[in-house]
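Examining the three-dimensional arrangement
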Amino acid sequence: QVQPVESGGGSVQTGGSLRISCSASARTFDNCAVAWFRQAPGNEREFVASINWNGGMVSHADSVRGRFAISRDNAKRTVYLQMNSLKPDDTAVYYCAATETRAAVPSRWENEYDYWGQGTQVTVSS
């Protein structure tokens, strides 16, 4: 089984930067597409970014494109989300999700991900 664990959340000011991480001990994680989703109170969970198994293809939501960047280091079995130019509406619980697939294009759809972390809180103050 793959059990993603998020870390690195916290509180930052508008315009600041934060990098959050998603790691898993299972070797199978190296063969997983991984995605970040986020959910704020009262809102639906929304897609943020995804990366395929070898890091060769990425996808970013329009709302974060140009500000956020997903990457991975399979040697460390860790996926990162670098968040720059943060805005208050980026405030949410950020979830890491994984699914075992070697598909070239990483999915944007939450129902295609099998393994979910507990989430990490990101708060951006104005």
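Shown above is the structure to which this text applies.
What comes next concerns the included structure. (Residues numbered from 1 in each chain as written. Predicted model: local features only at pLDDT ≥ 70, side-chain atom pairs only at ≥ 80, totals over all residues. Heavy atoms only, no water.)

Notes on the nonpolar core
Our working rule: Take the buried Ala, Val, Leu, Ile, Met, Phe, Trp, Tyr and Cys residues and link them wherever side-chain atoms come within 4.5 Å; each set so joined is a nonpolar core. For the exposure calls, accessible area comes from a 1.4 Å probe over protein chains only, and a residue counts as buried if that area is under 20% of its type's maximum, exposed if over 50%, partly exposed in between. Under the scheme used here, helices are H or I runs from DSSP no shorter than 4 residues and strands are E runs no shorter than 2 residues, and both carry numbers assigned from the N terminus. Contacts: residue pairs with any heavy atoms within 4.5 Å of one another.
Counting 35 residues, the largest nonpolar core has Val34, Trp36, Leu81, Met83 and Tyr94 as its most contacted members. For this core, the secondary-structure elements that each account for two or more residues are β3 (18–23), β4 (32–39), β5 (46–51), β7 (68–73), β8 (78–83), β9 (92–100) and β11 (120–125). For this core, the element with the highest residue contribution is β4, accounting for six residues. Setting aside residues up to four positions removed in sequence, Val34 forms contacts with Cys22, Phe29, Ala49, Ser50, Ile51, Ile70, Arg72, Val79, Cys96, Ala97, Ala98 and Tyr113.

A look at the pattern of salt bridges
Short version of the rule: Any Lys or Arg side-chain nitrogen found within 4 Å of a carboxyl oxygen on Asp or Glu counts as a salt bridge.
Scanning all chains against the criterion turns up five salt bridges. For Arg38, the salt bridge is made with Asp90, and the minimal N-O distance between the two is 2.9 Å. One end of the pair, Arg38, is in strand β4; the other, Asp90, is in the loop between β8 and β9, with 52 residues separating them in the sequence. With respect to class, Arg38 is no different from Asp90; both count as buried. One salt bridge connects Asp90 with Arg67, and the closest N-O pair in it is separated by 2.8 Å. One end of the pair, Asp90, is in the loop between β8 and β9; the other, Arg67, is in the loop between β6 (58–60) and β7, and 23 residues separate them in sequence. For the pair Asp90 and Arg67, one class covers both residues: buried.

What to know about the sheet that holds strand β1 (residues 5–7)
Stated precisely, the cut-off is as follows: Between any two strands, pairing holds if DSSP finds at least two bridges. To define axes, lines are fitted to C-alpha atoms, for helices over the stretch in contact only, and angles between the resulting N-to-C directions are given on a 0 to 180 degree scale.
The four strands lie next to each other as β1-β3-β8-β7, forming an open sheet whose pairing is antiparallel. Among the strands making up the open sheet, the edge pair consists of β1 and β7. Going across the sheet, the axis of each strand differs from the next one's by a mean of 20°, ignoring polarity. Bridge count between β3 and β8: six bridges; the pairing is antiparallel.

Quick notes on the side chain of Ser59
For the record, the criterion: Side-chain atoms alone can form a polar contact between residues adjacent in sequence; in general such a contact is a pair of N or O atoms within 3.5 Å, and within protein one must be able to donate a hydrogen while the other accepts it.
With respect to the secondary-structure elements, Ser59 resides in strand β6. Residue classification places Ser59 among the buried residues on the basis of a relative accessible area of 10%. A distance of 2.8 Å separates polar atoms of two side chains, one belonging to Ser59 and the other to Arg108. Beyond its immediate stretch of four places on either side in the chain, Ser59 contacts Phe47, Val48, Ala49, Ser50, Pro106 and Arg108.

Concerning unusual backbone geometry
Its identity is not glycine, yet Arg77 carries a phi of approximately 50°, on the positive side. Its location among the elements puts Arg77 in the loop between β7 and β8. The residue Ser85 is not glycine, and still its phi comes out positive at about 50°. With respect to the helices and strands, the residue Ser85 is situated in the loop between β8 and β9.

The quantities given are spatial measurements derived from coordinates; they are silent on function.
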